[in-house]
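Read off the chains here:
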Amino acid sequence: MSKSELTLMLVSAVVVAIVFGWMLRWIYDRMTHAAHAAPGKINTNQDGLVKEAVAAQHRAEAAEAEMKSEIRQQRAETEALRDGLRAARGRQMELEAELEALRGGQ
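Please read all numbers here as calculations on a predicted model, not as lab measurements. (Residues numbered from 1 in each chain as written. Predicted model: local features only at pLDDT ≥ 70, side-chain atom pairs only at ≥ 80, totals over all residues. Heavy atoms only, no water.)

## As for the overall build of the protein
Worth spelling out the cut-off: Only runs of H or I of at least four residues qualify as helices and only runs of E of at least two qualify as strands under DSSP, and these elements are numbered from the N terminus. Whether a residue is buried, partly exposed or exposed follows from its accessible area with a 1.4 Å probe, protein chains only, as a fraction of its type maximum: under 20%, in between, or over 50%, in that order. Values of accessible area rely on a 1.4 Å probe in the Shrake-Rupley scheme; residue burial ignores everything except the protein chains shown.
The number of helices and strands found in the protein is two helices and zero strands. Looking at the 106 residues of the protein, the share that counts as buried comes to 1%. Total accessible area on the protein is roughly 9900 Å²; 63% of this is exposed by carbon and sulfur atoms.

Below, the structure is given as structure tokens:
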């Protein structure tokens with residue numbers, strides 16, 4: 001085997017390996033549906049996911065605002081109940097003192 005035949009066989013083997021690798025990569029891309037999109041370009045599937053995520057974020061923000069409103073309302077109601085209870089206790093103490101005064105005066 002001459003030097004030129006050996007060189008030709010090695011070059012042929014490298015070319016076959018490159019072509020075989022390229023074919024395997026092409027088959028892999030087809031099987032995994034990999035998109036060859038340009039950097040920064042969003043495909044339709046990603047666009048739908050982004051829109052869905054934004055909609056979910058808006059729903060979460062609306063739910064959070066509603067819950068904060070409910071918490072403020074509950075705090076106001078609790079404070080009103082405390083004030084009412086405080087007034088009732090004060091009135092009870094006044095009535096008890098009045099009753100003791102009446103009992104003591106008999």
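## With respect to the pattern of salt bridges
Formally: Salt bridge, as used here, is a side-chain nitrogen of Lys or Arg placed within 4 Å of a carboxyl oxygen of Asp or Glu.
One pass over the full model with this rule turns up seven salt bridges. Linking arginine 86 and aspartate 83 is a salt bridge whose minimum nitrogen-to-oxygen distance equals 2.8 Å. Linking arginine 86 with aspartate 83, this pair stays in helix H2 (residues 44–105), spanning three residues, or about one helical turn. By relative accessible area, which is 52% here, arginine 86 ends up exposed. A residue is classified by how much of its surface remains accessible, and aspartate 83, at 38% relative accessible area, is partly exposed.

## A look at helix H1 (residues 3–32)
We count it as follows: Helix span is expected to be 1.5 Å times the residue number reduced by one.
Its 30 residues give H1 an end-to-end C-alpha distance of 43 Å, which sits within 8% of 44 Å, the value for a rise of 1.5 Å per residue. Positive backbone phi, at 55°, marks histidine 33, one or two positions downstream of H1.

## Details of a nonpolar patch on the surface
Heads up, the condition is: Only residues whose relative accessible area exceeds 30% and that form no salt bridge enter a patch; like-charged residues are grouped when within 9 Å of one another, and nonpolar side chains (Val, Leu, Ile, Met, Phe, Trp, Tyr) when within 5 Å.
Together, Val11, Val15, Val19, Phe20, Trp22, Met23, Leu24, Trp26, Ile27 and Met31 make up an exposed nonpolar region whose accessible area comes to about 1000 Å². By the element assignment, methionine 31 lies in helix H1.

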